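# Analysis of the macromolecular model
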Amino acid sequence: MVVHEVIGIQSDRRPTFHDITDQIAEMVGKSGIQNGSVLVYSQHTTCSVLIQEQSDDVTYHGTQLILQDLVNVLTGLVPTCLTEGQYLHSGPKHIEIAARERNEEAFWSLNTDAHLRSVIMGRSETVPVVDGQMVLGEFGRIYFADFDQVRARERTVQIQIMGE
């Protein structure tokens, strides 16, 4: 059996992380699948899905410290895009087409860092389901991360529960 669900998430104009573990666990329970797996996937090219432990301390913005540490490390690897020309992408042709075909603002293309961070982190996680429960370990939590800092948007997380 295969069950498909979606989770809607509102991002912000800074890297954001959303703990979606409980929502997915509820979906697994309602699916009736006892043994199989759950795929958690981001269709957005500036977003990632990751498994990490919960950090009890948070920044002033409410970001868990372990996740802020991740942003800090990724920023060291892939500096935040601040000006046009900092990265080869987005080039003038891409910006022209995005404005014409998708009504995008030119500055929205200053998100190359988010695209690169998403590729490094990956856009999906697969978690085993055993006896109707996700196997995440004692501290494992599933997070949806949006690394785009140029605009806030409604995002969609695809959930596919497979098994018997």
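The present account deals with the structure reproduced in this document. (Residues numbered from 1 in each chain as written. Predicted model: local features only at pLDDT ≥ 70, side-chain atom pairs only at ≥ 80, totals over all residues. Heavy atoms only, no water.)

Right, let's get into the pattern of salt bridges. As enumerated under the stated definition, the model contains 12 salt bridges in all. Between D22 and R141 there is a salt bridge, with the nearest N and O atoms lying 3.3 Å from each other. Taken together, the residues span a long stretch of sequence, with D22 in helix α1 (residues 21-31) and R141 in strand β7 (residues 140-146) at a distance of 119 residues. With relative accessibility at 53%, the residue D22 sits in the exposed group. Each of D146, D148, R153 and R155 takes part in one network of salt bridges that share partners. (Salt bridge = Lys/Arg side-chain N within 4 Å of Asp/Glu carboxyl O. Helix = DSSP H or I, 4+ residues; strand = E, 2+ residues; numbered from the N terminus. Buried < 20%, exposed > 50% of the residue type's maximum accessible area, 1.4 Å probe, protein only.)

The sheet built from 3 strands is open, its strands ordered β2-β7-β4 with antiparallel pairing. Among the strands making up the open sheet, the edge pair consists of β2 (16-19) and β4 (47-53). Averaged over neighbouring strand pairs, the angle between their axes works out to 30° when direction is ignored. Each of β2 and β7 touches α1; the most contacted strand, β7, lies at about 115° to it. Helix α2 (residues 65-77) contacts β2, β4 and β7 of the sheet and is inclined by roughly 130° relative to β4. (Pairing = 2+ DSSP bridges. Axes fitted to C-alpha atoms, helices over the stretch in contact; angles between N-to-C directions. Contact = heavy atoms within 4.5 Å.)

Running from amino to carboxyl end, α2 crosses helix α4 (residues 112-121) at an angle of 115°, the nearest separation of the two axes being 11 Å. Between α2 and α4, the angle falls in the class roughly perpendicular. Where α2 crosses over α4, the two elements pack in a sense that is right-handed. Across the interface between the two elements, L70, L74 and T75 from α2 touch R117, I120 and M121 from α4. Here the residues of the contact of α2 with α4 sort into 4 nonpolar, 1 polar and 1 charged. (Parallel < 35°, antiparallel > 145°, perpendicular 65-115°, else oblique. Left-handed = near helix turned anticlockwise from the far one by under 90°. Nonpolar A, V, L, I, M, F, W, Y, C, P; charged D, E, K, R; others polar.)

With that settled, consider a nonpolar patch on the surface. On the surface, a nonpolar cluster with roughly 300 Å² of combined accessible area is contributed by V73, L77 and I120. Considering the arrangement of structural elements, one finds L77 in helix α2. Residue class for L77 comes out exposed when judged on its relative accessible area of 59%. (Patch = residues over 30% accessible without salt bridge, like charges linked within 9 Å, V, L, I, M, F, W, Y side chains within 5 Å. Areas by Shrake-Rupley, 256 points an atom, 1.4 Å probe, with all protein chains shown as cover.)

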